[in-house]
Amino acid sequence: MEQLIDEFIWLLLDTENYIRKLPQGRTNHEQLAEFLRIFREKRLEPLHWRLQRINTQRYVLSMVGLTNVGKSTLAEALLEHPVAPRKNGPATAIPVEYEYDCESWQLRTIDERNLTVMEQKFDSAQALFQVLEKKVFTPQPEDLSNGSDAKLIVKGPMKLLEGGLVFADTPGFGAAQTADSSATHENVLVEYLQKHVHEVMFCLSASNAMVSPSEKKFFESIGHLCSTVVVTKWDAEDEQSEHDKKQYEGKFSELFPMCRFLFVNAKRAIENPNQQDSEAQDLQSLFQTRRNKQERQTLLRSDVERAYKDLIELLRKPLEAAGLPNVPWHKAALANFQYEAAKEKLKIP
Ligand SMILES: Nc1nc2c(ncn2[C@@H]2O[C@H](COP(=O)(O)OP(=O)(O)OP(=O)(O)O)[C@@H](O)[C@H]2O)c(=O)[nH]1
Ligand SMILES: [Mg+2]
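Residues numbered from 1 in each chain as written. Chains lettered and ligands numbered in written order. Predicted model: local features only at pLDDT ≥ 70, side-chain atom pairs only at ≥ 80, totals over all residues. Heavy atoms only, no water.

Focus on the pairing of strand β6 (residues 166-169)
To be explicit about the condition: Here's how the labels work: a residue is buried when its accessible area is under 20% of the maximum for its type, exposed when over 50%, partly exposed in between, all with a 1.4 Å probe on protein chains only. Only DSSP runs of H or I reaching four residues or more are called helices, and only runs of E reaching two or more are called strands; each is numbered from the N terminus. Two strands make a pair as long as DSSP finds a minimum of two bridges between them.
What you see with β6 is no split at all: V166 and A168 on one side and F167 and D169 on the other are buried throughout. In this sheet, β6 lies alongside strand β1 (residues 60-65) in parallel orientation, the contact comprising four bridges. Bridge pairing links S62 to A168 in β6. Direction of pairing for strand β2 (residues 96-100) relative to β6: antiparallel, over a ladder of three bridges. Along β6, the bridge assignment pairs Y98 with F167.

Laid out in structure tokens, this is it:
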């Protein structure tokens with residue numbers, strides 16, 4: 001896969017350079033070269049970063065969003081156990097990472113400063129919750145002293161995470177804090193995400209019906225990690241809901257390039273856990289496609305395929321402007337790309 005993505009990048013880069021060297025005065029060719037450069041930077045290089053992240057053993061998928069959008073409630077709906085403390089108002093104050101363990105419920109507090117790991121075992125999720133709640137809402141200074149390394153780890157028989165996936169519930173940003181403490185809090189969160197997390201689901205609350213400047217700003221700092229926008233507190237039901245979803249996505253998708261939109265009502269999902277078309281199911285399916293390296297590679301391959309199809313479609317306009325029927329591809333680079341694409345059984349037109 002790495003070779004394929006590399007060859008794809010080289011194809012655009014070599015072709016761009018070749019076009020730029022065509023005789024002077026053909027300014028529309030310049031537009032075509034510029035398009036190839038932008039496509040390479042915006043669409044292909046992120047695939048390269050993702051490839052580096054998906055090969056890890058401990059793949060961390062995280063939710064991020066303004067405080068109170070419902071991240072922890074959604075965590076409970078997805079994990080199907082009461083292990084994500086939540087409340088109205090700023091709640092989660094330290095990242096909590098959830099991992100599968102088939103034998104027992106455990107809470108681990110890592111203190112990197114003193115090089116110790118405190119491990120507590122519990123008979124049930126409910127018993128763990130009693131201790132976790134206090135640590136999550138009011139962590140002690142020693143819990144937070146590791147800055148972006150501060151976190152709690154919850155292990156237990158959470159079926160969704162079977163196979164090695166790690167799920168992180170993070171503190172919300174944008175809570176009413178003094179300007180200084182808010183900036184520090186957000187920096188620590190961004191640092192945690194950049195250091196420990198491989199993929200982010202960006203949560204927006206449907207009840208706000210807007211995307212605030214702080215959400216836009218926060219997305220800009222971690223956009224390269226985001227695959228999905230999860231719209232929480234989605235109250236609309238049935239046919240009306242489908243129409244409303246399209247409208248919502250149409251209104252905001254430009255702000256979240258390359259992200260897929262999913263809509264959930266976590267409260268309803270918790271109240272009706274056995275409902276066949278439970279609201280959390282789309283998200284649970286998303287988790288299944290991240291479970292192991294092979295699943296993640298399959299997903300990445302389909303994204304490379306999609307990038308190629310989008311490229312062909314988007315090339316029409318700059319080609320027309322250049323008065324060319326086809327792209328003057330760099331021949332050797334094209335042959336290399338086609339060879340790798342055939343090896344990876346990539347479906348390209
Ligand atoms: N009506 C409705 N309320 C919800 C839904 N999801 C969450 N809430 C409520 O929203 C409030 C905040 O929920 P949390 O899950 O704690 O929000 P959070 O994003 O984790 O908040 P922070 O940890 O502070 O970032 C709680 O009172 C929840 O009961 C939903 O789908 N519908
Ligand atoms: Mg929370």
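Still more to cover.
Examining the domain arrangement of the chain
Applicable threshold: The start and end points of each domain follow an automatic or database-based domain assignment. In this description, contact between two residues means that some pair of their heavy atoms is separated by no more than 4.5 Å. A simple way to read buried area is as the amount of 1.4 Å-probe accessible surface that goes missing from two parts once joined, with both sides added. Salt bridges are identified by distance alone: a Lys or Arg side-chain nitrogen within 4 Å of an Asp or Glu carboxyl oxygen. In protein, a polar contact means a hydrogen-donor-capable atom and an acceptor-capable atom, both N or O and within 3.5 Å, with residues adjacent in sequence counting only if both atoms are side-chain atoms; elsewhere, any N or O pair within 3.5 Å suffices.
Assigned domains of the chain: these are domain 1 (2-54 + 298-343) and domain 2 (60-289). Listed per partner, the contact involves four residues of domain 1 and five residues of domain 2. In total, about 510 Å² of surface goes out of reach between domain 1 and domain 2, with carbon and sulfur atoms giving 62% of it. Looking only at domain 1, the three residues that lose the most surface to domain 2 are R43, R53 and L299, adding up to 75% of its buried area. Linking domain 1 to domain 2 there are zero salt bridges. Seen at the junction of domain 1 and domain 2, the total is two residue pairs in polar contact (both at pLDDT 80 or more). With three residues, helix α2 (residues 27-54) is the largest single contributor of residues to the side of domain 1 that touches domain 2.

Points about the environment of N292
Tracing the backbone through its elements, the reader meets N292 in the loop between α10 (281-288) and α11 (293-314). For N292, a relative accessible area of 31% translates into the label partly exposed. C-alpha separation for the pair N292 and Y59, spaced 233 residues apart in sequence, amounts to 8.2 Å.

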